[in-house]
Amino acid sequence: QKVDESLPVSAPPKPSSNKTSGTGVLSQMKKKFSVFMKPRVKSSKTDAANRSHCDSRHVEKKKPHKDPLLQLVSLQRASGSWLLDADLAAVLGKTREEVEKAKPGQAKQEVWTTILALIWLHGFKKDQKEEWELLSLKAALWLNDQNASFVPECVAAGNALLACSVEIEALGI
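Values in this document were obtained by computation on a predicted structure and should not be read as measured data.

Considerations on the overall build of the protein chain
Part 1 of the reasoning: Across its full length, the protein chain holds eight helices and zero strands.
Part 2 of the reasoning: Along the protein chain, helices (α) and strands (β) appear in the sequence α-α-α-α-α-α-α-α when read from the amino end.
Part 3 of the reasoning: By the burial criterion, 28% of the 173 residues in the protein chain qualify as buried.
Part 4 of the reasoning: Contacts spanning at least 24 positions in sequence make up 66% of the contacts within the protein chain whose residues lie at least 6 apart.
Part 5 of the reasoning: Surface summary for the protein chain: the accessible area is close to 13,200 Å², and the carbon and sulfur share equals 56%.

Digging into the confidence of the model for the protein chain
Part 1 of the reasoning: On average, residues of the protein chain score 80 in pLDDT, and 62% of them are at 70 or above.
Part 2 of the reasoning: Across the protein chain, element-level confidence peaks in helix α6 (residues 109-124) with a mean pLDDT of 98 and bottoms out in helix α2 (residues 34-37) with 52.
Part 3 of the reasoning: Low pLDDT (under 50) marks residues 17-21, which in the prediction has one contact with non-local residues, meaning those over four places away or in another chain.
Part 4 of the reasoning: Below pLDDT 50 for its whole length, residues 46-62 participates in four contacts with residues either more than four positions away or in separate chains.

With respect to helix α3 (residues 68-75)
Since one α-helical turn is 3.6 residues long, residues separated by three or four positions face the same way.
Part 1 of the reasoning: Buried residues of α3: L69, Q71 and L72, and no others. Projected down its long axis, α3 carries its buried residues within an arc of 160°, all on one side.
Part 2 of the reasoning: The secondary structure elements touched by the buried residues of α3 are α4 (86-92), α6 and α7 (129-145).

Considerations on the pattern of salt bridges
Part 1 of the reasoning: Evaluated as defined, the whole model comprises two salt bridges.
Part 2 of the reasoning: When the shortest N-O distance is used, the salt bridge between E110 and R77 registers 2.6 Å. Note that E110 is positioned in helix α6 and R77 in the loop between α3 and α4, a separation of 33 residues in sequence.
Part 3 of the reasoning: Using a relative accessible area of 23% as the deciding quantity, one classes E110 as partly exposed.
Part 4 of the reasoning: For R77, a relative accessible area of 36% puts it in the partly exposed group.
Part 5 of the reasoning: For the salt bridge of R96 with E100, the shortest nitrogen-to-oxygen distance reads 3.1 Å. A residue pair is termed a helical-turn pair when its members lie 3 or 4 positions apart in one helix, as R96 and E100 do in helix α5 (residues 96-102) at four residues.

What counts as what
Residues numbered from 1 in each chain as written. Predicted model: local features only at pLDDT ≥ 70, side-chain atom pairs only at ≥ 80, totals over all residues. Heavy atoms only, no water. Helix = DSSP H or I, 4+ residues; strand = E, 2+ residues; numbered from the N terminus. Buried < 20%, exposed > 50% of the residue type's maximum accessible area, 1.4 Å probe, protein only. Contact = heavy atoms within 4.5 Å. Areas by Shrake-Rupley, 256 points an atom, 1.4 Å probe, with all protein chains shown as cover. pLDDT = per-residue confidence, 0-100. Arc of directions from axis to C-beta. Salt bridge = Lys/Arg side-chain N within 4 Å of Asp/Glu carboxyl O.

Shown next as structure tokens:
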């Protein structure tokens, strides 16, 4: 590449030497924000009565209650499947042990839990189908790619476990 030599070249600006004069930007900022930079005084026991009941240091930390549908959505893997864990079992309204015990014979755990999630969606969240329809389609595609055996048995056992009556055709598998 050719450099245009007709353009004027200016030298970079020289650094300011006003470090001790107090007129620099940093010193002005320090003055303005000095109120926020003062050390906090520890409160005494007598100050506790005057403390607001909303003082965040004394508020119990509670786990936020999640909507079961949102929780199920967050548990779906990128592949479209679900893995069995305590959180998924809780969404289904069961314990992990109950879900494991109801799994038909030789069915793969991931196939079983994915079918359970689909049954739960179709059985309990039918009114919100617009929100989970694509999620369900992704899971059904994953199940079809697995060429899984025992699918009818898993659907029957899943319906029994969750007290639903969702047809296999409704699941898209």
